[in-house]
Each structure stands twice: as structure tokens, then as C-alpha cells.
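Here is how the chains run, residue by residue.
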Amino acid sequence: MFLKKNNEGSIIQLSKCIEECDAIIIGAGSGLSTAAGLTYAGERFEKYFSDFIKKYHLRDMYSAGFYSYESLEEHWAYWSRHIYYNRYINSPKDTYQKLLELVKDKDYFVLTTNVDHQFQRAGFDSKRLFYTQGDYGLWQCSVPCHQETYDNEEIVREMIEKQKDMKVHTELVPRCPHCHAPLTMNLRCDNTFVQDEGWYQAYNRYEDFLRRHENCKVLYLELGVGGNTPAIIKYPFWKYTSQNKNAIYACINYEDISCPIEINKRSLLIKGDIDQVINNLLKEGK
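Residues numbered from 1 in each chain as written. Predicted model: local features only at pLDDT ≥ 70, side-chain atom pairs only at ≥ 80, totals over all residues. Heavy atoms only, no water.

Asks: What is the right way to look at the overall build of the protein chain in this model?
Replies: For the protein chain, the helix and strand inventory stands at eleven helices and eleven strands. Whereas a compact globule of 286 residues would reach a radius of gyration of roughly 19 Å, the protein chain reaches 20 Å, a difference of no more than 12%. Dimensions along the principal axes, computed over C-alpha positions, put the protein chain at roughly 60 × 40 × 35 Å. Relative to its full complement of 286 residues, the protein chain shows a buried share of 53%. Counting only contacts in the protein chain whose residues sit at least 6 apart along the sequence, the fraction spanning at least 24 positions is 68%. Surface accessibility of the protein chain: about 14,200 Å² in total, with carbon and sulfur atoms responsible for 47%. (Helix = DSSP H or I, 4+ residues; strand = E, 2+ residues; numbered from the N terminus. Rg over C-alpha atoms; globule rule 2.2 N^0.38 Å. Buried < 20%, exposed > 50% of the residue type's maximum accessible area, 1.4 Å probe, protein only. Contact = heavy atoms within 4.5 Å. Areas by Shrake-Rupley, 256 points an atom, 1.4 Å probe, with all protein chains shown as cover.)

So this is what it looks like as C-alpha cells:
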């Protein structure tokens, strides 16, 4: 692996790449939402889940999502808040909106492992998005007995409004309309994950975008991708850049900013806060 350090020249180079490229493929991980203020621990976690923290000594929203609560009523009291505060409100910072401003005039596509819907909330074209790992706004059968998903906004808002003593009303516990098993989150955590029709449509649009631009001047822009699922974004971006001599790979992250030596000369690695880097790119592009 080869490592470059962040510097002013990298911002200038990346701004030039954005201006001159034929297409931009954004690969977004959890670090992008963290940069936008959607943090899962600390003050924000304590603000919305102080009662759960006091009872169960929970440390963060991520681990709390896997906790075995005493009942489905309590489970959905936790999860309705988790969904609402990470899916149905805007992020504390306008990072996603600024990212759209940066790429809106380009031929772009977004591949993301994030499930918080912030790209849509910021105004990105939904036909240019592929959410590979699910969506906080969708439920599925926990079995699953069929390959469909269900929008949850209306019920989640009712759960938030009516929950009491860390429980939702029993009649609000969501169940499969086919087999009556409990519904669960449409999040990829095991082999029960449902890839519905919308998932496959987005997948096909992404594959088509890759095919149409495979020999073009493509900027593979990786934002906040960690080491949990590198096979979804990071490794493919390296491969595509290696296969296309006209492509550029750019990575912006606080920590993991490496690339293979084979694409070193066509890579820009910027270590820093994504929100601030986007600010700098917007200033540079004016």
C-alpha cells in the first residue's frame, strides 16, 4: 500500500478532477454521515436515549440496536427513536447538501452502505442512488416469508408520539401481513435480508452506469468508508480505477486513506474532516 498525506495541493487537484471528469461515482460510508453530525455515541445518544442508557447501560446507538430488550414493545420503543432521529430528520450539518452542490452539474451516481436516507433528504436524484445495505425507512418480514418491504414512517411517528415508560402500545408492534411473524428492520446483518424490487432496480441502474462509463474519465470518489465492508465500495473502486487508465481514485477519510501501488499515480488521498474538505472544494471551485 502507498499512503499520501493531505495538503493544499490535493484539494486543488481534486477540484480540477471534478471539473474535468466525464462522470463521478461517489462511494459513501458511515464516515460521511458522522461528518454531517449523525453521531451514534456521546451527547446525541444521551439526548435521545437517556432512559435506555440508565436502564441497560448502553454505550452507543449501534450496539443498542442489537440489544435483547424485555419485550417487542420495548424493542420498538428503542427502534422507533433510532429510526426517527437517524432517518426522518435532517442531519445536524448540511454536509450532504454541500456535496450535492459540488456534483450537481456532473453525471454522477452514488453507491452507499449508509441506511439513513440523507442523500434523498439533501435532494440527490433517487434514480442515481444505490443503497446496498437497506434503509431505516423500510421493514421486512423477520422470517422472511416473502421478498417485500414496507414503508414505516407513519407507524414510527405514531410510536414516537404514543410510547410511554420505554414501551410502545402492543397494537403498534409491526407484524407481517402474510405470516404474522414480527416485522424487522430491512438492514443487511445476516442472510435474511430482503432485496426487494426497488433494490434490484437500483442495482441494475448502477451496473448500467458502470458499463456506460467504463472507459471514460471517471472520478471514483470514496467518502468515509471504513474497514467493515471494503468489498462493497473500496475494493471495487480500486479495481475499476486499475482497469480504466482514464480513471482517478480519490479518498477522503479521517483514518483509512490507503490505495494499492498500482493506482498510486492516479489517486488522491486526503486525510481530514469530510465536511471541511467539501467546504474547501466548493471554495476552490468558485
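That shown, we press on.
Asks: Any chance you could explain helix 5 (residues 72-87) here in plain terms?
Replies: Residues separated by three or four positions in an α-helix point in the same direction, a consequence of the helix having 3.6 residues per turn. Here helix 5 is 16 residues long and its end C-alpha atoms lie 21 Å apart, about the 22 Å a rise of 1.5 Å per residue gives. Counting buried positions over the 16 residues of helix 5 gives 14, a clear majority of the element. (Expected span 1.5 Å × (residues − 1).)

Asks: Please explain the sheet that holds strand 2 (residues 23-28) as it appears in this structure.
Replies: Strands in a sheet are paired, the pairing made by backbone hydrogen bonds, and the direction either parallel or antiparallel. Taken in spatial order, the six strands line up as 4-3-2-8-9-11 in an open sheet, and their pairing is parallel. The sheet is open, and its two borders are formed by strand 4 (129-131) and strand 11 (267-271), each paired with just one other strand. The mean inter-strand angle of the sheet, taken between neighbouring strand axes irrespective of direction, is 15 degrees. Across six bridges, strand 2 lies against strand 8 (residues 218-223) in parallel orientation. In the sheet register, Ile25 faces strand 8, and the bridge partner there is Tyr220. Sheet strands touched by helix 6 (residues 95-103): strand 2, strand 3 (107-112) and strand 8. Its angle to strand 2, the strand with the most contacts, is close to 160 degrees. (Pairing = 2+ DSSP bridges. Axes fitted to C-alpha atoms, helices over the stretch in contact; angles between N-to-C directions.)

Asks: Which parts of the structure should I look at to understand helix 11 (residues 274-285)?
Replies: Taking 1.5 Å as the rise per residue, helix 11 with twelve residues should run 16 Å; its terminal C-alpha atoms sit 16 Å apart, in good agreement. Taken together, the buried positions of helix 11 are Ile274, Asp275, Val277, Ile278, Asn279 and Leu281. The residue sitting at the N-terminus of helix 11 and contributing the capping side-chain oxygen is Asp273; that oxygen lies 3.2 Å from the backbone nitrogen of Asp275. (Polar contact = N/O pair within 3.5 Å; in protein donor to acceptor, adjacent residues only side chain to side chain.)

Asks: Sorry, what's going on with unusual backbone geometry here?
Replies: A negative phi angle characterises most non-glycine residues, just as the trans form characterises most peptide bonds. Of note, the bond from Val143 into Pro144 is cis; its omega dihedral lies within 30 degrees of zero at -15 degrees. Positive phi, close to 70 degrees, is recorded for His180, a residue that is not glycine. The topology assignment puts His180 in the loop between helix 8 (153-162) and strand 7 (183-187).

Asks: I'm lost on the packing of aromatic side chains in this one. Help?
Replies: Any pair of aromatic rings gets described here by the distance separating the centres and the angle formed by the planes. This model, assessed by the stated rule, comprises 29 aromatic pairs. Both rings, one in Phe52 and one in Tyr69, keep their centres 5.6 Å apart while their planes meet at 80 degrees; by these two values the pair is edge-to-face. Of this pair, Phe52 sits in helix 3 (residues 43-56) while Tyr69 sits in the loop between helix 4 (61-64) and helix 5, and the two are 17 residues apart along the sequence. We note that Phe52, like Tyr69, is buried. Between the aromatic rings of Trp76 and Trp139, the centroid separation amounts to 5.0 Å while the plane-to-plane angle is 65 degrees, which identifies the pairing as edge-to-face. Residue Trp76 is located in helix 5, and its partner Trp139 is located in strand 5 (residues 134-141); the two are separated by 63 residues in the primary sequence. Residues Trp76 and Trp139 agree in their burial class; the two are buried. Positioned above the aromatic ring of Tyr108 is the side chain of Arg128, whose terminal nitrogen or guanidinium carbon lies 5.2 Å from the ring centre. (Phe/Tyr/Trp six-rings, centres within 6.5 Å; stacked < 30°, edge-to-face > 60°. Lys NZ or Arg CZ within 6 Å of the ring centre and 35° of its normal.)

Asks: How do you make sense of the environment of Asn114 when you look at a structure like this?
Replies: Inspection of the secondary structure puts Asn114 in the loop between strand 3 and helix 7 (118-122). With 81 residues separating them along the chain, Asn114 and Ser33 place their C-alpha atoms 7.8 Å apart. What Asn114 contacts, discounting residues up to four positions off in sequence, is Ala28, Gly29, Ser30, Leu32, Ser33, Tyr96, Tyr131 and Gly134. A distance of 3.0 Å separates the side chain of Asn114 from the backbone oxygen of Gly29, its partner in a polar contact.

Any functional reading would require information beyond the geometric quantities listed.
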